[in-house]
Amino acid sequence: MSQVYDRVALIGLGLIASSMFWAMKRAGLAGEVTGYARSAETRETARQIGLCDRVCDSAVEAVEGADLIVLCVPVGAMGAVAQEISAALKPGATVTDVGSVKRHVIQSVAPHIPEGVHFVPAHPLAGTEHSGPESGFAELYDNRWCLLVPAEGSDRDAVENLRALWEGMGANVEEMDADHHDLVLAVTSHAPHLIAYTMVGVADDLSRVTDSEVIKYSAAGFRDFTRIAASDPTMWRDVFLTNKDATLEILGRFTEELFALQRAIRTGDGEQLFDYFTRTRAIRRGIIEAGQDTDAPDFGRGKAAQ
Ligand SMILES: NC(=O)c1ccc[n+]([C@@H]2O[C@H](COP(=O)([O-])OP(=O)(O)OC[C@H]3O[C@@H](n4cnc5c(N)ncnc54)[C@H](O)[C@@H]3O)[C@@H](O)[C@H]2O)c1
Ligand SMILES: O=C(O)C(=O)C[C@]1(C(=O)O)C=C[C@@H](O)C=C1
(Lines give C-alpha, C1' and ligand atoms only; values in the text may rest on other atoms or scores of the structure.)
(Ligands and ions follow the chains in the order given, each with its own letter.)
Protein backbone atom coordinates (compact mmCIF):
# COMPACT_ATOMS: atom_id res chain seq x y z
CA MET A 1 0.00 0.00 0.00
CA SER A 2 1.39 3.42 -0.85
CA GLN A 3 1.19 6.78 0.83
CA VAL A 4 -2.14 8.60 0.34
CA TYR A 5 -1.46 11.83 2.27
CA ASP A 6 1.77 13.67 3.12
CA ARG A 7 0.39 15.11 6.37
CA VAL A 8 -2.55 13.88 8.47
CA ALA A 9 -3.80 15.59 11.64
CA LEU A 10 -5.83 13.66 14.22
CA ILE A 11 -7.91 15.83 16.56
CA GLY A 12 -9.03 13.92 19.67
CA LEU A 13 -6.75 11.00 20.56
CA GLY A 14 -9.06 8.21 21.71
CA LEU A 15 -9.92 4.71 20.49
CA ILE A 16 -10.79 5.68 16.92
CA ALA A 17 -7.90 8.10 16.33
CA SER A 18 -5.28 5.84 17.91
CA SER A 19 -6.50 2.86 15.88
CA MET A 20 -6.31 5.03 12.74
CA PHE A 21 -2.74 6.00 13.61
CA TRP A 22 -1.57 2.41 14.05
CA ALA A 23 -3.47 1.28 10.93
CA MET A 24 -1.98 4.12 8.84
CA LYS A 25 1.52 3.26 10.07
CA ARG A 26 0.99 -0.44 9.39
CA ALA A 27 0.31 0.30 5.72
CA GLY A 28 2.49 3.40 5.22
CA LEU A 29 -0.52 5.52 4.23
CA ALA A 30 0.66 8.87 5.65
CA GLY A 31 3.94 10.75 5.78
CA GLU A 32 3.71 12.64 9.05
CA VAL A 33 0.79 12.25 11.48
CA THR A 34 0.25 15.03 13.99
CA GLY A 35 -2.16 14.75 16.90
CA TYR A 36 -3.93 16.94 19.41
CA ALA A 37 -6.02 16.06 22.45
CA ARG A 38 -7.76 18.52 24.74
CA SER A 39 -6.32 17.21 27.98
CA ALA A 40 -2.61 17.57 28.81
CA GLU A 41 -2.72 14.12 30.39
CA THR A 42 -3.89 12.49 27.14
CA ARG A 43 -1.20 14.35 25.17
CA GLU A 44 1.43 13.12 27.64
CA THR A 45 0.19 9.53 27.37
CA ALA A 46 0.23 9.81 23.57
CA ARG A 47 3.85 11.02 23.63
CA GLN A 48 4.85 8.17 25.95
CA ILE A 49 3.34 5.43 23.79
CA GLY A 50 4.52 6.90 20.47
CA LEU A 51 1.01 7.72 19.32
CA CYS A 52 1.46 10.25 16.46
CA ASP A 53 4.75 11.40 14.96
CA ARG A 54 4.23 14.77 16.64
CA VAL A 55 1.80 15.57 19.46
CA CYS A 56 0.90 19.28 19.43
CA ASP A 57 -0.29 21.48 22.28
CA SER A 58 -3.03 23.14 20.23
CA ALA A 59 -5.47 22.01 17.57
CA VAL A 60 -4.37 24.90 15.34
CA GLU A 61 -0.72 23.78 15.48
CA ALA A 62 -1.73 20.19 14.66
CA VAL A 63 -3.72 21.11 11.53
CA GLU A 64 -1.25 23.65 10.08
CA GLY A 65 0.00 22.28 6.75
CA ALA A 66 -2.11 19.11 7.03
CA ASP A 67 -3.60 17.56 3.87
CA LEU A 68 -6.18 15.56 5.84
CA ILE A 69 -7.70 16.59 9.15
CA VAL A 70 -9.69 13.92 11.00
CA LEU A 71 -12.08 15.06 13.75
CA CYS A 72 -12.14 12.20 16.28
CA VAL A 73 -13.99 13.88 19.17
CA PRO A 74 -17.49 13.13 20.52
CA VAL A 75 -20.25 14.16 18.10
CA GLY A 76 -21.38 17.05 20.30
CA ALA A 77 -17.89 18.60 20.22
CA MET A 78 -17.33 18.46 16.43
CA GLY A 79 -18.71 21.94 15.65
CA ALA A 80 -16.62 23.75 18.28
CA VAL A 81 -13.45 21.96 17.15
CA ALA A 82 -14.16 22.82 13.49
CA GLN A 83 -14.63 26.45 14.45
CA GLU A 84 -11.34 26.44 16.37
CA ILE A 85 -9.25 25.10 13.45
CA SER A 86 -11.12 26.82 10.62
CA ALA A 87 -8.69 29.71 9.97
CA ALA A 88 -5.64 27.41 10.06
CA LEU A 89 -6.81 24.97 7.37
CA LYS A 90 -4.61 24.74 4.26
CA PRO A 91 -6.36 25.49 0.93
CA GLY A 92 -7.00 22.19 -0.88
CA ALA A 93 -6.98 20.20 2.38
CA THR A 94 -9.75 17.74 3.28
CA VAL A 95 -11.56 17.72 6.61
CA THR A 96 -13.26 14.48 7.61
CA ASP A 97 -14.72 13.08 10.83
CA VAL A 98 -15.47 9.69 12.33
CA GLY A 99 -18.66 10.59 14.23
CA SER A 100 -21.37 7.99 14.83
CA VAL A 101 -24.08 10.43 13.68
CA LYS A 102 -23.86 12.21 10.36
CA ARG A 103 -26.63 14.81 9.82
CA HIS A 104 -25.82 16.67 13.04
CA VAL A 105 -22.06 16.61 12.35
CA ILE A 106 -22.61 17.99 8.86
CA GLN A 107 -24.85 20.76 10.20
CA SER A 108 -22.39 21.75 12.91
CA VAL A 109 -19.11 21.38 11.00
CA ALA A 110 -19.91 22.48 7.41
CA PRO A 111 -20.43 26.19 8.28
CA HIS A 112 -16.81 26.34 9.52
CA ILE A 113 -15.21 24.81 6.41
CA PRO A 114 -13.61 27.64 4.40
CA GLU A 115 -13.88 28.01 0.62
CA GLY A 116 -11.29 25.79 -1.08
CA VAL A 117 -11.23 23.19 1.71
CA HIS A 118 -13.11 19.91 1.16
CA PHE A 119 -15.37 18.26 3.72
CA VAL A 120 -16.03 14.51 3.46
CA PRO A 121 -17.83 13.09 6.53
CA ALA A 122 -17.15 9.43 7.36
CA HIS A 123 -18.06 6.77 9.91
CA PRO A 124 -16.09 3.58 10.52
CA LEU A 125 -18.45 0.86 11.77
CA ALA A 126 -15.97 -0.57 14.21
CA GLY A 127 -15.25 -0.03 17.85
CA THR A 128 -14.97 -1.54 21.27
CA GLU A 129 -16.27 -0.49 24.67
CA HIS A 130 -12.84 0.95 25.51
CA SER A 131 -11.77 4.54 25.06
CA GLY A 132 -8.69 6.73 25.34
CA PRO A 133 -5.29 6.84 23.61
CA GLU A 134 -4.13 3.42 24.83
CA SER A 135 -7.18 1.52 23.62
CA GLY A 136 -6.42 1.61 19.88
CA PHE A 137 -5.02 -1.19 17.73
CA ALA A 138 -4.06 -1.44 14.05
CA GLU A 139 -6.52 -4.24 13.24
CA LEU A 140 -9.70 -2.46 14.40
CA TYR A 141 -10.86 -1.60 10.86
CA ASP A 142 -9.87 -4.85 9.15
CA ASN A 143 -12.81 -6.15 7.11
CA ARG A 144 -15.21 -3.62 8.70
CA TRP A 145 -17.33 -1.10 6.86
CA CYS A 146 -16.51 2.57 6.65
CA LEU A 147 -19.33 4.74 5.33
CA LEU A 148 -18.48 7.96 3.49
CA VAL A 149 -21.18 10.62 3.45
CA PRO A 150 -20.10 13.27 0.92
CA ALA A 151 -22.47 16.06 -0.03
CA GLU A 152 -23.71 16.13 -3.62
CA GLY A 153 -21.12 17.79 -5.85
CA SER A 154 -18.23 17.03 -3.48
CA ASP A 155 -14.74 17.03 -5.00
CA ARG A 156 -14.30 13.47 -6.32
CA ASP A 157 -10.52 13.41 -5.77
CA ALA A 158 -11.05 14.30 -2.11
CA VAL A 159 -13.61 11.48 -1.76
CA GLU A 160 -11.45 8.94 -3.61
CA ASN A 161 -8.35 9.76 -1.55
CA LEU A 162 -10.32 9.27 1.65
CA ARG A 163 -11.67 5.98 0.29
CA ALA A 164 -8.07 4.88 -0.46
CA LEU A 165 -7.06 5.75 3.11
CA TRP A 166 -9.86 3.70 4.68
CA GLU A 167 -9.29 0.79 2.31
CA GLY A 168 -5.59 0.97 3.15
CA MET A 169 -6.54 0.71 6.83
CA GLY A 170 -8.39 -2.53 6.03
CA ALA A 171 -11.98 -1.29 5.73
CA ASN A 172 -14.61 -1.86 3.03
CA VAL A 173 -15.94 1.51 1.90
CA GLU A 174 -19.40 2.55 0.73
CA GLU A 175 -21.03 5.93 0.20
CA MET A 176 -24.35 6.78 1.83
CA ASP A 177 -26.71 9.71 2.28
CA ALA A 178 -26.62 11.30 5.77
CA ASP A 179 -30.28 10.77 6.72
CA HIS A 180 -30.23 7.18 5.52
CA HIS A 181 -27.02 6.62 7.51
CA ASP A 182 -28.61 7.97 10.69
CA LEU A 183 -31.68 5.74 10.31
CA VAL A 184 -29.67 2.60 9.54
CA LEU A 185 -27.33 3.24 12.48
CA ALA A 186 -30.27 3.91 14.79
CA VAL A 187 -31.37 0.31 14.06
CA THR A 188 -28.00 -1.42 14.03
CA SER A 189 -26.11 0.48 16.72
CA HIS A 190 -27.86 3.29 18.60
CA ALA A 191 -31.08 1.55 19.73
CA PRO A 192 -29.19 -1.68 20.61
CA HIS A 193 -26.84 0.33 22.80
CA LEU A 194 -29.76 1.96 24.59
CA ILE A 195 -31.36 -1.45 25.14
CA ALA A 196 -28.10 -2.79 26.57
CA TYR A 197 -27.75 0.22 28.86
CA THR A 198 -31.32 -0.31 30.03
CA MET A 199 -30.95 -4.06 30.61
CA VAL A 200 -27.81 -3.58 32.69
CA GLY A 201 -29.53 -0.75 34.58
CA VAL A 202 -32.46 -3.07 35.37
CA ALA A 203 -30.07 -5.75 36.63
CA ASP A 204 -28.36 -3.15 38.78
CA ASP A 205 -31.71 -1.96 40.19
CA LEU A 206 -32.45 -5.59 41.11
CA SER A 207 -29.05 -6.27 42.61
CA ARG A 208 -30.33 -5.79 46.17
CA VAL A 209 -33.00 -8.46 45.63
CA THR A 210 -30.75 -10.84 43.71
CA ASP A 211 -27.74 -10.24 45.98
CA SER A 212 -25.43 -9.54 43.00
CA GLU A 213 -26.16 -12.97 41.50
CA VAL A 214 -26.77 -11.40 38.11
CA ILE A 215 -23.09 -10.60 37.96
CA LYS A 216 -21.90 -13.90 39.41
CA TYR A 217 -24.01 -16.05 37.13
CA SER A 218 -24.18 -13.76 34.13
CA ALA A 219 -24.63 -15.87 31.04
CA ALA A 220 -23.17 -15.01 27.66
CA GLY A 221 -26.11 -12.91 26.48
CA PHE A 222 -26.05 -10.66 29.53
CA ARG A 223 -22.25 -10.42 29.44
CA ASP A 224 -22.52 -9.02 25.91
CA PHE A 225 -24.95 -6.43 27.27
CA THR A 226 -22.53 -5.46 30.04
CA ARG A 227 -19.70 -5.06 27.51
CA ILE A 228 -21.80 -2.74 25.36
CA ALA A 229 -23.11 -0.87 28.43
CA ALA A 230 -19.51 -0.15 29.48
CA SER A 231 -19.08 2.13 26.42
CA ASP A 232 -18.07 5.76 26.86
CA PRO A 233 -20.88 7.83 28.49
CA THR A 234 -19.96 11.11 26.76
CA MET A 235 -19.88 9.53 23.32
CA TRP A 236 -23.25 7.83 23.78
CA ARG A 237 -24.95 10.80 25.42
CA ASP A 238 -23.99 12.80 22.33
CA VAL A 239 -25.19 10.07 19.94
CA PHE A 240 -28.67 10.03 21.45
CA LEU A 241 -28.96 13.79 21.71
CA THR A 242 -27.93 14.25 18.06
CA ASN A 243 -29.73 11.32 16.41
CA LYS A 244 -32.92 11.91 18.31
CA ASP A 245 -35.60 11.45 15.63
CA ALA A 246 -34.27 8.24 14.10
CA THR A 247 -33.57 6.68 17.50
CA LEU A 248 -37.03 7.56 18.82
CA GLU A 249 -38.62 6.14 15.65
CA ILE A 250 -36.80 2.82 16.09
CA LEU A 251 -37.46 2.69 19.83
CA GLY A 252 -41.17 3.21 19.11
CA ARG A 253 -41.18 0.20 16.79
CA PHE A 254 -39.12 -1.79 19.27
CA THR A 255 -41.60 -1.09 22.04
CA GLU A 256 -44.52 -2.25 19.86
CA GLU A 257 -42.77 -5.54 19.07
CA LEU A 258 -41.81 -5.99 22.70
CA PHE A 259 -45.44 -5.53 23.77
CA ALA A 260 -46.54 -8.09 21.16
CA LEU A 261 -44.05 -10.64 22.48
CA GLN A 262 -45.00 -9.80 26.07
CA ARG A 263 -48.61 -10.52 25.17
CA ALA A 264 -47.64 -13.81 23.50
CA ILE A 265 -45.88 -14.88 26.69
CA ARG A 266 -48.83 -13.85 28.88
CA THR A 267 -51.38 -15.64 26.68
CA GLY A 268 -49.17 -18.68 26.17
CA ASP A 269 -48.96 -18.17 22.40
CA GLY A 270 -46.00 -20.48 21.78
CA GLU A 271 -46.57 -20.49 18.04
CA GLN A 272 -46.09 -16.74 17.83
CA LEU A 273 -42.90 -16.90 19.88
CA PHE A 274 -41.55 -19.83 17.86
CA ASP A 275 -42.29 -18.13 14.52
CA TYR A 276 -40.71 -14.89 15.68
CA PHE A 277 -37.52 -16.58 16.87
CA THR A 278 -37.33 -18.64 13.69
CA ARG A 279 -37.45 -15.43 11.64
CA THR A 280 -34.72 -13.76 13.70
CA ARG A 281 -32.50 -16.85 13.61
CA ALA A 282 -32.65 -16.75 9.80
CA ILE A 283 -31.36 -13.19 9.87
CA ARG A 284 -28.29 -14.18 11.89
CA ARG A 285 -27.63 -17.12 9.59
CA GLY A 286 -27.98 -14.86 6.56
CA ILE A 287 -25.34 -12.51 7.98
CA ILE A 288 -22.93 -15.39 8.51
CA GLU A 289 -23.56 -16.89 5.06
CA ALA A 290 -22.95 -13.50 3.45
CA GLY A 291 -19.57 -13.42 5.22
CA GLN A 292 -20.56 -10.26 7.05
CA ASP A 293 -19.94 -11.49 10.57
CA THR A 294 -16.79 -9.42 10.79
CA ASP A 295 -16.28 -9.43 14.54
CA ALA A 296 -12.87 -7.91 15.16
CA PRO A 297 -10.46 -9.97 17.19
CA ASP A 298 -10.28 -9.24 20.88
CA PHE A 299 -7.19 -7.00 20.70
CA GLY A 300 -7.17 -4.13 23.16
CA ARG A 301 -10.30 -5.27 24.97
CA GLY A 302 -8.31 -6.48 27.97
CA LYS A 303 -7.00 -3.00 28.59
CA ALA A 304 -8.63 -0.77 31.14
CA ALA A 305 -10.94 1.93 29.82
CA GLN A 306 -9.40 5.39 30.07
N1 LIG B 1 -16.02 3.97 20.17
C2 LIG B 1 -16.65 3.49 19.13
O3 LIG B 1 -17.10 2.35 19.14
C4 LIG B 1 -16.83 4.36 17.91
C5 LIG B 1 -16.99 3.76 16.67
C6 LIG B 1 -17.13 4.56 15.53
C7 LIG B 1 -17.14 5.94 15.66
N8 LIG B 1 -17.01 6.51 16.89
C9 LIG B 1 -17.00 7.98 16.98
O10 LIG B 1 -15.66 8.39 17.05
C11 LIG B 1 -15.53 9.57 17.84
C12 LIG B 1 -14.47 9.35 18.90
O13 LIG B 1 -14.83 8.24 19.68
P14 LIG B 1 -13.74 7.41 20.50
O15 LIG B 1 -14.35 6.09 20.79
O16 LIG B 1 -12.41 7.46 19.86
O17 LIG B 1 -13.74 8.27 21.86
P18 LIG B 1 -12.65 8.41 23.00
O19 LIG B 1 -13.39 8.81 24.22
O20 LIG B 1 -11.77 7.21 23.05
O21 LIG B 1 -11.80 9.66 22.49
C22 LIG B 1 -12.35 10.95 22.30
C23 LIG B 1 -11.26 11.99 22.30
O24 LIG B 1 -11.87 13.28 22.14
C25 LIG B 1 -11.39 14.17 23.14
N26 LIG B 1 -12.46 15.13 23.46
C27 LIG B 1 -13.59 14.91 24.18
N28 LIG B 1 -14.33 16.01 24.24
C29 LIG B 1 -13.67 16.96 23.56
C30 LIG B 1 -13.91 18.32 23.30
N31 LIG B 1 -15.03 18.93 23.75
N32 LIG B 1 -13.00 19.02 22.57
C33 LIG B 1 -11.88 18.40 22.14
N34 LIG B 1 -11.59 17.10 22.36
C35 LIG B 1 -12.46 16.42 23.07
C36 LIG B 1 -11.05 13.26 24.30
O37 LIG B 1 -10.14 13.87 25.18
C38 LIG B 1 -10.44 12.07 23.57
O39 LIG B 1 -9.08 12.35 23.24
C40 LIG B 1 -16.94 9.88 18.37
O41 LIG B 1 -17.50 10.88 17.59
C42 LIG B 1 -17.68 8.57 18.19
O43 LIG B 1 -19.06 8.80 17.96
C44 LIG B 1 -16.81 5.76 18.01
O1 LIG C 1 -18.24 -3.13 19.08
C2 LIG C 1 -18.58 -2.18 19.79
O3 LIG C 1 -18.22 -2.08 20.95
C4 LIG C 1 -19.40 -1.11 19.21
O5 LIG C 1 -20.32 -0.74 19.84
C6 LIG C 1 -19.03 -0.50 17.92
C7 LIG C 1 -20.08 0.35 17.25
C8 LIG C 1 -21.34 -0.51 16.99
O9 LIG C 1 -22.41 -0.19 17.45
O10 LIG C 1 -21.17 -1.49 16.27
C11 LIG C 1 -20.41 1.51 18.11
C12 LIG C 1 -20.58 2.75 17.61
C13 LIG C 1 -20.22 3.09 16.28
O14 LIG C 1 -20.43 4.34 15.85
C15 LIG C 1 -19.76 2.05 15.45
C16 LIG C 1 -19.55 0.81 15.96
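Please refer to the structure higher up on the page.
Keep in mind the model is a prediction, meaning the values are calculated, not measured. (Residues numbered from 1 in each chain as written. Chains lettered and ligands numbered in written order. Predicted model: local features only at pLDDT ≥ 70, side-chain atom pairs only at ≥ 80, totals over all residues.)

*Asks:* What is the right way to read the site of ligand 1 from this model?
*Replies:* For ligand 1, the set of nearby residues contains 25 residues, the closest of which are Gly12, Gly14, Ala77, Gly127 and Ser131. At three residues, helix H1 (residues 15-27) tops the list of elements feeding residues into the shell around ligand 1. Of the residues assigned to the shell around ligand 1, the class counts are 14 nonpolar, nine polar and two charged. (Near = placed C-beta within 6 Å. Helix = DSSP H or I, 4+ residues; strand = E, 2+ residues; numbered from the N terminus. Nonpolar A, V, L, I, M, F, W, Y, C, P; charged D, E, K, R; others polar.)

*Asks:* I would appreciate a short explanation of unusual backbone geometry in the present structure.
*Replies:* It is generally the case that most residues other than glycine have a negative phi and that most peptide bonds are trans. A positive phi angle, near 85 degrees, is found at cysteine 52, a position not held by glycine. Counting through the fold element by element, cysteine 52 comes out in the loop between helix H2 (40-49) and strand E3 (54-55). Judged by C-beta crowding, with 26 C-beta atoms within 10 Å, cysteine 52 ranks as buried. A positive phi angle, close to 60 degrees, is found at asparagine 143, a residue other than glycine. Structurally, the position occupied by asparagine 143 is in the loop between strand E7 (122-124) and strand E8 (145-148). Accessibility expressed as a C-beta count within 10 Å gives 15 for asparagine 143, which makes it partly exposed. (Buried ≥ 20, exposed ≤ 12 C-beta atoms within 10 Å, placed from the backbone.)

*Asks:* Honestly, the site of ligand 2 in this entry has me stumped. Any pointers?
*Replies:* Residues in contact with ligand 2, as listed here, are Ser100, Leu125, Ala126, Gly127, Thr128, Glu129, Ser189, Ile228 and Ser231. Class assignment of the residues belonging to the shell around ligand 2 gives a composition of three nonpolar, five polar and one charged. Per-domain counts for the shell around ligand 2 show at least three residues from each of domain 1 (5-176) and domain 2 (180-289). (Domains from an automatic or database assignment.)

*Asks:* Would you explain the nonpolar core in this entry?
*Replies:* One recurring pattern in soluble globular proteins: nonpolar side chains tend to sit buried together. Val8, Leu10, Ile11, Ile69 and Val70 are the most contacted members of the largest nonpolar core, which totals 66 residues. In contact with leucine 10, other than residues within four places in its own chain, are Ala17, Met20, Phe21, Val33, Gly35, Cys52, Val70 and Cys72. Of all hydrophobic cores here, the second largest spans six residues; its members include Ala191, Leu194, Ala246 and Ile250. (Core = buried A, V, L, I, M, F, W, Y, C linked by C-beta atoms within 7 Å. Contact = placed C-beta atoms within 7 Å.)

*Asks:* So what exactly am I meant to see when it comes to the packing of helix H7 (residues 178-205) against helix H10 (residues 220-228) here?
*Replies:* The packing of two helices is summarised by the inter-axis angle and the distance between the axes. Here H7 crosses H10 at 110 degrees, and the two axes come no closer than 8 Å. Relative to H10, the element H7 lies roughly perpendicular. Together, His193, Ala196, Met199 and Val200 of H7 and Phe225, Thr226 and Ile228 of H10 make up the contact between the two elements. Its residues assigned to classes, the contact of H7 with H10 comprises five nonpolar, two polar and no charged. (Axes fitted to C-alpha atoms, helices over the stretch in contact; angles between N-to-C directions. Parallel < 35°, antiparallel > 145°, perpendicular 65-115°, else oblique.)

*Asks:* Where do I start with H1 in this structure?
*Replies:* Its 13 residues give H1 an end-to-end C-alpha distance of 18 Å, which sits within 8% of 18 Å, the value for a rise of 1.5 Å per residue. Taken together, the buried positions of H1 are occupied by Leu15, Ile16, Ala17, Ser18, Ser19, Met20, Phe21, Ala23 and Met24. Residues of H1 that are buried in the fold lie against strand E1 (5-11), strand E2 (30-36), strand E4 (68-71) and E7. Where H1 terminates, the next one or two residues include glycine 28, which has phi positive at roughly 60 degrees. (Expected span 1.5 Å × (residues − 1).)

*Asks:* Help me understand the sheet that holds strand E9 (residues 172-175) in this model?
*Replies:* Strand pairing in a sheet is mediated by backbone hydrogen bonds. Such pairs are either parallel or antiparallel. Within the open sheet, the three strands sit side by side as E7-E8-E9. Their pairing is mixed. Lying at the two open borders of the sheet, with one neighbouring strand each, are E7 and E9. Averaged over all pairs of adjacent strands, the angle between strand axes in this sheet comes to 20 degrees, irrespective of strand direction. (Pairing = 2+ DSSP bridges.)

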